[in-house]
Amino acid sequence: MATSPYGEGTLPKGVRSRMIHGVNGLDVHILEAGYESLGRPLALLLHGFPDLAYGWRHLIPILADAGYHVVAPDQRGFGRTTGWVNDYDARLEPFSLLNMTRDALGLVSALGYRRTAMLVGHDTGSPVAAYCALARPDVFPSVALMSAPFPGPPALPFDTAQSETSSAQPNTGNQDLAAALAALDPPRQYYQQYFSTREANDEMRRPPQGLHTFLRTYFHVKSADWPGNKPHPLKARSAKELEQLPTYYVMDLGKTMPQTVAPFQPSAAEVLASKWLTEPELEVYTAEYGRTGFQGGLMAYRVFSDPDLTAELRLFSGKTIDVPSLFINGKSDWGTYQTPGAVDLMKTKVATRMRDIELIDGAGHWPQQEQPVRLGTLLLAFIKEAGGADHSSDFGPGGR
């Protein structure tokens, strides 16, 4: 456990760091603001990979100034949250989407709330937020998803009673796609496949260019600052279509992620111009990931393709998100389109009360850092429209 002050003086005024103990088997590290007075509605912010609670630092004061008690945890597997096993060979079940949903539910309860007024999930935090709204709409009465659209829970085989063949055919879609990508010229590999390998953690934790430079380049190349990001919808989840994605999504086969992004390292002038991620702020990420490595966060990518944990999600087969919802992303983020058809499926079938799809100018994969004011404006307008201003029953006896 790190003992140095969190953020080394880079946290905005009014944002504090503290631990909450005994949350679904975790001791959870959070950043929070708006905690000084009781009775404020709760805004819960769930980060993705390779991010931390710290990624919300620009947005937290904006929401607190609007009257919210804002809480951003280091999710299971990340940062200063403890109670998870930091090992590639650790059991995957604790990192499952349903257990991460229990983490969020347990945190809300530990904070003394009966429900959130605002729930936001970014990147791998997006499916966690989606399952929060899917499983417990009473506790999570609205949801904003960022970067990763939610295509719904996996389906059960339907109307197969008269079939003479087994409906339990193995799902080979990921293996087939991997083979098709490897057959391209040059051979390619999907980044989630790489992130699932045993070697990925060590290769990213100890990259040739150094951890600080690797993280700087990774944040840069996925932002609106990198001019190569020109996202557009893809026609199908085929190797030929996915080949259009930048190499940080569809990598050259055999290359590590540090090798993949190295050619896009920003210049000294570009680093100086990055007001959304200064060198002292980036050093927070370098220190935290230098201490923990990436394995805890990488477990999510193995969860996504695990057949047993996918089967667990079929409990919600056919269920829709019926609370007010919103999808937000940066206009320069390929995440909106990396799963062809997911946005349309989410908008037309999966989220029955989806308010809008908002793509923010001047932002890539990190809108909460690149364009926090615009993001805050969108979130506050959404919650107001969704009826989130009525918070009279949010708090339990003795709660906040």
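The rules we used
Residues numbered from 1 in each chain as written. Predicted model: local features only at pLDDT ≥ 70, side-chain atom pairs only at ≥ 80, totals over all residues. Heavy atoms only, no water. Helix = DSSP H or I, 4+ residues; strand = E, 2+ residues; numbered from the N terminus. Rg over C-alpha atoms; globule rule 2.2 N^0.38 Å. Buried < 20%, exposed > 50% of the residue type's maximum accessible area, 1.4 Å probe, protein only. Contact = heavy atoms within 4.5 Å. Areas by Shrake-Rupley, 256 points an atom, 1.4 Å probe, with all protein chains shown as cover. Pairing = 2+ DSSP bridges.

A.B. asks: So what's going on with the overall build of the chain? Which residues, and what values?
C.D. replies: Across its full length, the chain holds 16 helices and 10 strands. Taking 21 Å as the expected radius of gyration for a compact globule of 400 residues, we find that the chain reaches 20 Å, a close match to that expectation. Overall, the C-alpha framework of the chain stretches about 60 × 60 × 40 Å when taken along its three principal axes. In the chain, which comprises 400 residues, the proportion classed as buried is 55%. Within the chain, contacts between residues at least 6 apart in sequence are counted, and of these 79% link residues at least 24 apart. Of the roughly 16600 Å² that the chain leaves accessible, carbon and sulfur atoms contribute 52%.

A.B. asks: Can you break down the pairing of strand 5 (residues 118-122) residue by residue, with the values?
C.D. replies: Here strand 5 lies mainly inside the structure; 5 of its 5 residues are buried. Burial of the side chains of strand 5 extends over both faces: M118, V120 and H122 are buried on one face and L119 and G121 on the other. Bridge analysis of strand 3 (residues 42-46) against strand 5 gives 4 bridges, and the strand direction is parallel. In the strand pairing of strand 5, L46 is matched with G121. Of the strand pairs in this sheet, strand 5 and strand 6 (residues 143-146) are connected by 3 bridges, and their pairing is parallel.

A.B. asks: Any details on the environment of L26? Residues and values, ideally.
C.D. replies: Tracing the sequence through the fold places L26 in strand 2 (residues 26-33). Using a relative accessible area of 2% as the deciding quantity, one classes L26 as buried. A sequence separation of 77 residues divides L26 from D103, and the C-alpha atoms of the two residues are 8.1 Å apart. The residues contacting L26, other than those within four sequence positions of it, are I20, H21, R76, T81, T82, G83, W84 and D103.

A.B. asks: Go over helix 7 (residues 211-221), please, and point to the residues and values.
C.D. replies: Judged by how many residues are buried, helix 7 sits mostly within the fold: 9 of 11 residues are covered. Among the residues making up helix 7, those that are buried are L211, F214, L215, R216, T217, Y218, F219, H220 and V221.

A.B. asks: Before we move on, could you go through the environment of A104 and cite the residues and values that matter?
C.D. replies: Note that A104 resides in helix 2 (residues 97-110). Measuring from C-alpha to C-alpha, the distance between A104 and S238 comes to 35 Å, with 134 residues separating the pair along the chain. Residues contacting A104, with those up to four places away along its chain left out, are L44, C132 and F140.

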